[in-house]
Amino acid sequence: MLNNEKVFGKIVKIEGIHVLIEITEKDIANKISLFMGSGDFAVSINKLLFSVLPSGKKVVGRITKIFDRNMFDQNSIFINASDRFLIEADLIGIHDDYLKKFDSGINHYPIIGSEVYAVNERIQKAVLDIGSKWRIEVGKSFNDPNISISANPDILFGKHLGVFGNTGTGKTCTLASIIQGIKRRIYKNIDGSKSEISPKIIIFDSNSEYDRAFSREEFKVRIITKNELKLPHYHLNFSEYYKFLGASQGVQAPVLKASIKQLRVRENDGKKFKLSDVPTEIKKYLMDQAVKGADNERNKTFSFSQWYGWNATMINRIERLIEDEDLISMIETDLNTVEEILQSDDEVILIQADFNKDELDIVMFLFSKLIYEWSIKNRDNQKKNHVLILFEEAHRYINEDDAEEYKLGSFYIERLAREGRKFGISLIISSQRPSELSTTVVSQCNSFIVHRITNKRDFDVINKILSTNNQNLLSIIPGLEKQYAIVVGEAFGYSDVIKLFDANPTPKSDDPEVISNWNYTTKDIGDVQVGLDNESALDEFIREIIDHTQTKSIDSNDDLE
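What counts, and where the lines are drawn
- Throughout this description, residue numbers start from 1 for each chain and increase along the sequence as written.
- Reporting in this predicted model follows two pLDDT cut-offs: at least 70 for local features of residues, and 80 or more for side-chain atom pairs to be given and counted; totals over whole chains, interfaces and linings ignore these cut-offs and use all residues.
- Excluding hydrogens and water, the side-chain values take into account all heavy atoms of the structure.
- Helix and strand labels come from DSSP, where a helix needs a run of H or I of at least four residues and a strand needs a run of E of at least two; each type is numbered from the N terminus.
- Only protein chains enter the calculation, and the probe is 1.4 Å; a residue is then buried if its accessible area is under 20% of its type maximum, exposed if over 50%, and partly exposed in between.
- Any pair of nitrogen or oxygen atoms within 3.5 Å is treated as a polar contact; in protein, a donor-acceptor pairing is required on top of that, and neighbouring residues in sequence qualify only through side-chain atoms on both sides.
- Pairs of residues are marked as contacts when any of their non-hydrogen atoms sit within 4.5 Å.
- Strands qualify as paired when DSSP identifies two bridges or more between them.
- All axes are obtained by fitting lines to C-alpha atoms, using only the stretch in contact for helices, and the reported angles, taken between N-to-C directions, cover 0 to 180 degrees.
- The labels follow the angle: roughly parallel below 35 degrees, roughly antiparallel above 145, roughly perpendicular from 65 to 115, and oblique for the rest.
- Here is the rule for handedness: rotate from the far helix to the near one, and if that takes an anticlockwise turn smaller than a right angle the crossing is left-handed, while a clockwise turn gives right-handed.
- When the centres of two rings from Phe, Tyr and Trp lie within 6.5 Å, Trp using its six-membered ring, the rings pair. Their planes under 30 degrees apart give stacked, over 60 give edge-to-face, and anything left gives tilted.
- Any Lys NZ or Arg CZ that is within 6 Å of a ring centre and within 35 degrees of that ring's normal is treated as a charge sitting over the ring.
- Salt bridge, as applied in this entry: a Lys or Arg side-chain nitrogen positioned within 4 Å of an Asp or Glu carboxyl oxygen.
- pLDDT runs from 0 to 100 and stands for how confident the predictor is about each residue.
- By nonpolar core we mean a set of buried residues, namely Ala, Val, Leu, Ile, Met, Phe, Trp, Tyr and Cys, connected to one another through side-chain atoms within 4.5 Å.
- Here the nonpolar group is Ala, Val, Leu, Ile, Met, Phe, Trp, Tyr, Cys and Pro; Asp, Glu, Lys and Arg are the charged ones; every other residue, Gly included, is treated as polar.

## Points about the side chain of His233
Looking at the element boundaries, His233 is found in the loop between strand S15 (221–224) and helix H5 (238–245). Under the relative-accessibility criterion, His233 is labelled buried at 0%. A distance of 2.7 Å separates a polar atom in the side chain of His233 from a polar atom in the side chain of Tyr241. Apart from residues lying up to four places away in sequence, His233 is in contact with Tyr241, Phe273, Leu275, Ile331, Glu332 and Leu366.

## Examining the side chain of Asn311
Mapped onto the fold, Asn311 is located in helix H8 (residues 304–323). The residues touching Asn311, leaving out its near neighbours within four places in the chain, are Val251, Gln252, Val255 and Leu286.

## Some remarks on the pairing of strand S2 (residues 18–23)
Here S2 lies mainly inside the structure; five of its six residues are buried. In terms of strand pairing, S2 meets strand S7 (residues 85–96) through five bridges, oriented antiparallel. Among the inter-strand pairings, Val19 is bridged to a residue of S7, identified as Ala89.

## Comments concerning the environment of Ile351
Of note, Ile351 is situated in strand S16 (residues 348–352). C-alpha separation for the pair Ile351 and Glu228, spaced 123 residues apart in sequence, amounts to 9.3 Å. If we ignore the near neighbours within four places in the chain, the residues touching Ile351 are Ile202, Ile203, Phe204, Asp205, Ile224, Leu229, Ile341 and Phe367.

## Re the packing of helix H6 (residues 252–266) against H8
The geometry of H6 relative to H8 is characterised by a closest axis approach of 10 Å and an angle of 65° between their N-to-C directions. On the basis of the axis angle, H6 is roughly perpendicular to H8. Along this stretch, H6 crosses H8, giving a crossing that reads as right-handed. Residue-level inspection shows Gln252, Val255 and Leu256 of H6 in contact with H8, the latter providing Trp307, Trp310, Asn311, Thr313, Met314, Arg317 and Ile318.

## Comments concerning the packing of aromatic side chains
Describing an aromatic ring pair means giving the distance of the ring centres and the angle of the ring planes. As enumerated under the stated definition, the model contains 19 aromatic pairs in all. Ring plane angle 90° and centroid distance 5.3 Å describe the contact between Phe411 and Tyr412, whose orientation is recorded as edge-to-face. Tyr412 gets classed as buried once you look at its relative accessible area, which sits at 1%. The rings of Phe244, Phe365, Tyr372, Phe411, Tyr412 and Phe423 are connected pair by pair, giving a single aromatic cluster. Above the ring of Phe238, the side-chain terminus of Lys257 is found at 5.3 Å from the ring centroid.

## Overview of the pattern of salt bridges
If you walk through the whole model with that rule in mind, you get 21 salt bridges. Glu240 is the salt-bridge partner of Lys369, the closest N and O atoms lying 3.2 Å from each other. Placement of the pair is Lys369 in helix H11 (residues 357–377) and Glu240 in helix H5, with a sequence separation of 129 residues. Each member of the pair, Lys369 together with Glu240, is buried. Across the salt bridge formed by Glu436 and Arg433, the nearest N and O atoms sit 3.6 Å from each other. On the basis of relative accessibility, which here comes to 18%, the residue Glu436 falls in the buried class. Through salt bridges with shared partners, a single ionic network connects Lys58, Asp97 and Arg122.

## Some points on the pairing of S16
Of all five residues in S16, four are buried, a share of seventy percent or more. Pairing analysis gives five bridges linking strand S14 (residues 201–205) to S16, with the strands arranged parallel. Its bridge partner lying in S16, Ile201 is registered against Val348. As paired strands, S15 and S16 are joined by four bridges and run parallel to one another. Paired with Ile223 across the strands is Leu350, a residue of S16.

## Regarding helix H2 (residues 121–128)
Of the positions making up H2, those classed as buried are Ile123, Gln124, Ala126, Val127 and Leu128. Taking the backbone nitrogen of Arg122 as reference, a side-chain oxygen 3.2 Å away marks Asn120 as the first, capping residue of H2.

## As for the confidence of the model for the chain
Averaged over the chain, the pLDDT score is 83; the fraction of residues at 70 or greater is 82%. For the chain, per-element mean pLDDT is lowest for strand S23 (residues 528–532), which scores 51, and highest for strand S12 (residues 161–164), which scores 96. pLDDT under 50 marks residues 552–561. Its contacts with residues more than four places away, or in other chains, come to two contacts.

## Some details on the nonpolar core
Membership of the largest hydrophobic core comes to 87 residues, with the highest contact counts inside it found for Phe204, Phe244, Leu256, Ile371 and Phe391. Of all the elements, H11 adds the most residues to this core, at eleven residues. In this structure, Phe244 is in contact with Leu236, Leu275, Leu321, Ile331, Ile362, Phe365 and Leu408, ignoring residues within four places of it in sequence. Judged by nonpolar contacts, the second largest core, of 50 residues, contains Phe157, Val163, Phe492 and Leu500.

## With respect to H5
All of the buried residues along H5 are Glu240, Tyr241, Tyr242, Phe244 and Leu245. Directly after H5, the chain includes Gly246, whose backbone phi takes a positive value near 70°.

## Overview of the environment of Lys47
Inspection of the secondary structure puts Lys47 in the loop between strand S4 (43–45) and strand S5 (48–52). Its relative accessible area of 17% is what places Lys47 among the buried residues.

## Focus: the packing of H5 against H11
It is at 11 Å that the axes of H5 and H11 come closest, and there the two elements cross at 165°. The pairing of H5 with H11 is recorded here as roughly antiparallel in orientation. The crossing of H5 and H11 is right-handed. Touching Glu240, Lys243 and Phe244 of H5 are Ile362, Phe365 and Lys369, all from H11. Residue classes in the contact of H5 with H11 are distributed as three nonpolar, no polar and three charged.

## Thoughts on the environment of Ser150
Along the chain, Ser150 turns up in strand S11 (residues 148–151). Look at Ser150 and you get buried, because its relative accessible area is 12%. For the pair formed by Ser150 and Ala491, sequence separation is 341 residues and the distance between their alpha carbons is 8.7 Å. Not counting residues up to four positions away in its chain, the partners in contact with Ser150 are Ile130, Arg135, Ile136, Glu137, Val138 and Phe492.

Take a look at the structure:
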């Protein structure tokens, strides 16, 4: 035994980072759980163990399989051996008792026959240590509910985070809990003191779920409705206008550029002009080109109808855009919601993003452009205003399959994903369909919180996210309960299954109560509609009607229904 640490077996096989362990202790054989996260058992799936290296350091592994060595022996029913259980484990790193430090990765291997021990609390904490000045507690260990799991907030909120899972698995509550934790559960690692923080968080609330989750007393909250959102288009450059208005590079792009230039000159402004004037200006430009060609005897050019035919698709797209009154009022304005947000003292900004897909594509394009532009201009400020943006239901507008048809939103969000961190912009990408997300955006995420996923395509994406020594966690994902998730990536000291802290208050993402809603009968009496929950209530209602009519004198000519 090693300082009273509990030995339960010995190593009988080593193959890469995989080791096979034979149970040697009789009392341990009766305390084995074939299920993960069983705190009452000495050995269970996903628990940690260690063996001592010749150097005195400890190599730490994670249990991936437990099975009966005689399971294929037809005579095993007559065998009464205490060492009949075998354990498979993956080695994950090395703990140095002298430095009290755990390092991921394996550079030395144990010897065949080495004893194997259950980890103590000191090693467990070293494995979970995030090695940073600050920590934010996000949940409890599934293996040991007494241990809090923390993340490095500088990485969790300073780089990009992906939160994935099927609908109904708790993604929205997880995000609400983590954002609430910015005020409640960020501590200094040195003395454990709590930190007072004033964040800047923008949430694209696709389903209007987050309003309830953020108290007005705790956070400075601002809600921006669809009609209040103002994103002026004139901040775009010419190449962005080509993309925004769908101008092809052959003929349409030069025509559009010339028309915008002329409008800017006419408005006596280097940038501003009205989109509603663009179709008329394009037609004037095309007519001028046709007239110039007609006046040139030596070198005749094309007619107006030819010019118009080449530009008709672009003109039609612009005219359709102008006809959308809600959209044009949003983008043809001198107001700038992005600047208002970033210059305000508001901490949580909820943008109600209940747009259709075409509108949402344009909104995301202009919003991302404006926030990127503002961040570049203010990157040298002494006090950088770091911004965290949460994209809910991200597959709706950061979609790989729709890249050709709906490509505006993805264009600048991908740029934010690649370059935003340099300018103080971090992203949280939340989606129930990670397989539909832009691969560029997913690849830029440094940390992930993965709830239950069962779809094969989505499962394949998670498979690529997990590193080699975390592949055993893949088999756990389809069976995760609600509020449980796998945390993996740079922000977390160790990839593990955890139970996320409750959100309080919770967002409006409650499971539907279908039967309660259906269990409601209505009865129309004249112009009055009365709700009746059950048969006894209906009987009571009829009795009240009878009693009421008996108190009135009814003429023979009256009709009572």
